[in-house]
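# Descriptive structure summary
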Amino acid sequence: MNHNLSSERVRDIGEQGLLARLQRFCPPDVIGDDAAVLLTKPDQPLIVTTDMLVDGVHFSDVTTSPEDAGWRAAAANLSDLAAMGATPLGITIGLGLPGDVTVNWVERLYQGMTECLQQYNVPIVGGDIVRSPITTLSITAFGQADPNFIIRRSTAQIGDAIVLTGIHGASRAGLELLLHPEIAQTLKKEDQTALITAHQRPKPRLDVLPILWEIVESQSTIVQLSEVEVQNLKSKITVAGMDSSDGLADAVLQICRSSQVGAIIAASKIPLPSVFQNWLTLERSLEYALYGGEDFELILCLPPEPALALVQKLGTGAAIIGKITSDSTVILHYEKPEIPDQVLTLSQGFQHFGQ
């Protein structure tokens, strides 16, 4: 990548010129035709997700370099695949650009995407470029999954434990530090860097899946069915879940709504960055964790025994924060009697087109 050509604009080299530059980020044996050909394993469903990012809504030069914007875009889509229990196969990219965007900016965007994707051996297998009044990035990610190990929002069971795979609130705190550097006066430099990195370079939790499925398989049981059914059918533990890209509260609420259940969450069990303790109030810490979003951890609902095994395997940051109930509400419970329980709602978090 030639940073000396930073003044060169997209309109200067045109669509074909830009495509030629960006093809360097794609496997040469995959691109070049009208569509990509992806090999899938027999009997494994194709899992597809699409995510759009718009300049000024999802990223900004004020808080995000082109490389970081690219990384976050790729990570968001890989996180959606992880939330379904899928192994990624590749992504396609739809890019809308004003003509005065520099070619250098676009190449750096793709460099950031590539840096993230390479960690999981995921190729860019195609896409499209169009002229647009505002920079817009649309990524479609493809994955595959064993049909017995697909994670859905609609399968949470009463009594399930609710597992978080890592700390929450760090990404929102990092964003606040980027927007308001003056609030960092009491923080150590390494703590500032860690929080900002959590926002700019989140990691999709694809690493959780092999650990989860190993535990599920080891704790699966053989059940006796009725005479009209197959005997000794292997009964898999059902895992419900999604990622926390729109916030912890949003994820639990979405799962409960899809599964037609409720939940109770213990405020004291939510894993927070250790730096929050002497920096933020409890109220602000929980606000960041519940509604900040973009932590890209997994929220999983499964029976208590495998849930505990999963948390022990994942280690620091992972936690059981509550359980699924038969109620229709999601309750945030405080151990201190002077703080009343809180009913969580979707309207409290970020919603597109919200007020």
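You'll find the chain entered in an unreviewed UniProt entry as Thiamine-monophosphate kinase, with Cuspidothrix issatschenkoi CHARLIE-1 given as the organism. Its UniProt record gives the chain the following Function (unreviewed entry) comment, quoted word for word: "Catalyzes the ATP-dependent phosphorylation of thiamine-monophosphate (TMP) to form thiamine-pyrophosphate (TPP), the active form of vitamin B1." In its Catalytic activity (unreviewed entry) section, UniProt records this for the chain: "thiamine phosphate + ATP = thiamine diphosphate + ADP".

It is worth spelling out the confidence of the model for the chain at this point. The predicted model of the chain averages 89 in pLDDT, with 90% of residues at 70 or higher. Confidence drops under pLDDT 50 across residues 222-234; counting only partners more than four residues distant or on other chains, this segment forms 15 contacts. Counting contacts from residues 350-355, a segment whose pLDDT is below 50, to residues more than four positions away or on other chains yields four contacts.

In this section: the side chain of Ser79. Its place among the elements puts Ser79 in helix 2 (residues 66-83). Overall, the relative accessible area of 0% leaves Ser79 in the buried class.

Within this structure's numbering, the places UniProt gives as "binding site: Mg(2+) 3" (unreviewed entry) are Asp34, Asp80 and Asp243. On the basis of their most widely separated C-alpha atoms, the annotated residues across 210 residues do not gather in one place, lying as much as 32.5 Å apart. Structurally, Asp34 is set in the loop between helix 1 (10-22) and strand 1 (46-54). You can call Asp34 exposed: its relative accessible area is 89%. Among the secondary structure elements, Asp80 is positioned in helix 2. Look past the residues within four positions of Asp80 in its chain and what remains in contact with it is Thr49 and Asp243.

Calculation notes
- Residues numbered from 1 in each chain as written.
- Predicted model: local features only at pLDDT ≥ 70, side-chain atom pairs only at ≥ 80, totals over all residues.
- Heavy atoms only, no water.
- UniProt positions renumbered as here; feature names shortened; annotations may be inferred.
- pLDDT = per-residue confidence, 0-100.
- Contact = heavy atoms within 4.5 Å.
- Helix = DSSP H or I, 4+ residues; strand = E, 2+ residues; numbered from the N terminus.
- Buried < 20%, exposed > 50% of the residue type's maximum accessible area, 1.4 Å probe, protein only.

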